[in-house]
Amino acid sequence: MNVHTTHMLVGFIANALLGFFVFTRDEKNPANRSYAAFTFAVAWWAVMKFVLAFSRNAEEALFWYKLSGPGWLLLPVVYLHFVSAFTRRRLFGPYSAQALWVLYGVSGGLFAAAWIDGLIVREMVVSPWGYTHVPGPLYKTVFMPYLLAAFVYGLYHMIAFTARAVSREDRIRGGLLIAGIAIPLVGGTVTNMILPSFDV
């Protein structure tokens, strides 16, 4: 294993354990359930990238990349779902529940599109750390705007909630969650999504 694969394995274990801990601590709390779903999505993405790193050829790498789709394709809507539950805000007004279901449908549609050659990923190419994807048209025109819009919109609501929080506990939790989600999400977005979109 190299540094990249070790990072993916550690990310999988850490997120899986964190999600399990948060969920079992209060499984009836919507914020706990949605946060666990978020960490499980990241864990799935990480473990699939770990497996992908050992691919023997481009076809095998493409299969594992497609199979990783539920992890990274669900991140935008699961993140917004968590933000809504944690802040107790209707992010899309009176139609928030319906809007979230629509976004889950968008993620599901993108996952289906990932299995059609050329739409989400054009091909897999060798990089210094293993195989990486060359984005297809839907990746650049649909998924990237979807991901970035969800990330910015959710982060805005998290910051607003934390800034207006009355209790010290809510301010501390909000600040930790902003940092805990923003740093790895920004890092992963830049290295795994934005840079490949520009063929970097």
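Look up a bit, the structure's there.
Residues numbered from 1 in each chain as written. Predicted model: local features only at pLDDT ≥ 70, side-chain atom pairs only at ≥ 80, totals over all residues. Heavy atoms only, no water.

Turning our eyes to something else, we now look at the pairing of strand 2 (residues 130-135). The element strand 2 is extensively covered by neighbouring structure, given that five of its six residues are classed as buried. Relative to strand 2, strand 1 (residues 121-127) runs antiparallel, the two being bridged by six bridges. Bridge assignment links Ser127 to a residue of strand 2, and that residue is Gly130. Linking strand 1 back to strand 2 in an antiparallel pair, the connection comprises two residues. (Buried < 20%, exposed > 50% of the residue type's maximum accessible area, 1.4 Å probe, protein only. Helix = DSSP H or I, 4+ residues; strand = E, 2+ residues; numbered from the N terminus. Pairing = 2+ DSSP bridges.)

Let us now look at the nonpolar core. Residues Trp72, Tyr79, Phe82, Met124, Phe143 and Met158 are the most contacted members of the largest nonpolar core, which totals 45 residues. Elements with a contribution of two residues or more to this core: helix 2 (30-52), helix 3 (58-67), helix 4 (69-87), helix 5 (96-114), strand 1, helix 6 (137-164) and helix 7 (168-197). When residues no more than four places from it in sequence are discounted, the contact partners of Tyr79 are Phe38, Ala150, Phe151, Gly154, Leu155, Met158 and Ile181. (Core = buried A, V, L, I, M, F, W, Y, C linked by side-chain atoms within 4.5 Å. Contact = heavy atoms within 4.5 Å.)

Once that is clear, we can look at helix 1 (residues 3-25). Here helix 1 is 23 residues long and its end C-alpha atoms lie 33 Å apart, about the 33 Å a rise of 1.5 Å per residue gives. Residues of helix 1 that are buried: Thr5, Met8, Gly11, Asn15, Gly19 and Val22. (Expected span 1.5 Å × (residues − 1).)

Residues Phe92, Tyr153 and Tyr156 make up a contiguous nonpolar surface patch of about 290 Å² in total accessible area. With respect to the helices and strands, Phe92 occurs in the loop between helix 4 and helix 5. (Patch = residues over 30% accessible without salt bridge, like charges linked within 9 Å, V, L, I, M, F, W, Y side chains within 5 Å. Areas by Shrake-Rupley, 256 points an atom, 1.4 Å probe, with all protein chains shown as cover. Salt bridge = Lys/Arg side-chain N within 4 Å of Asp/Glu carboxyl O.)

We now examine the packing of helix 2 against helix 4. With their axes 8 Å apart at the nearest point, helix 2 and helix 4 run at an angle of 160° to one another. On the basis of their axis angle, the class for helix 2 and helix 4 is roughly antiparallel. Crossing of helix 2 over helix 4 shows left-handed handedness. Where helix 2 abuts helix 4, its residues Pro30, Ala31, Ser34, Tyr35, Ala37, Phe38, Ala41, Val42, Trp44 and Trp45 lie against Pro70, Gly71, Trp72, Leu75, Val78, Tyr79, His81, Phe82, Ala85 and Phe86. Looking at side-chain class alone, the contact of helix 2 with helix 4 contains 17 nonpolar, three polar and no charged residues. (Axes fitted to C-alpha atoms, helices over the stretch in contact; angles between N-to-C directions. Parallel < 35°, antiparallel > 145°, perpendicular 65-115°, else oblique. Left-handed = near helix turned anticlockwise from the far one by under 90°. Nonpolar A, V, L, I, M, F, W, Y, C, P; charged D, E, K, R; others polar.)

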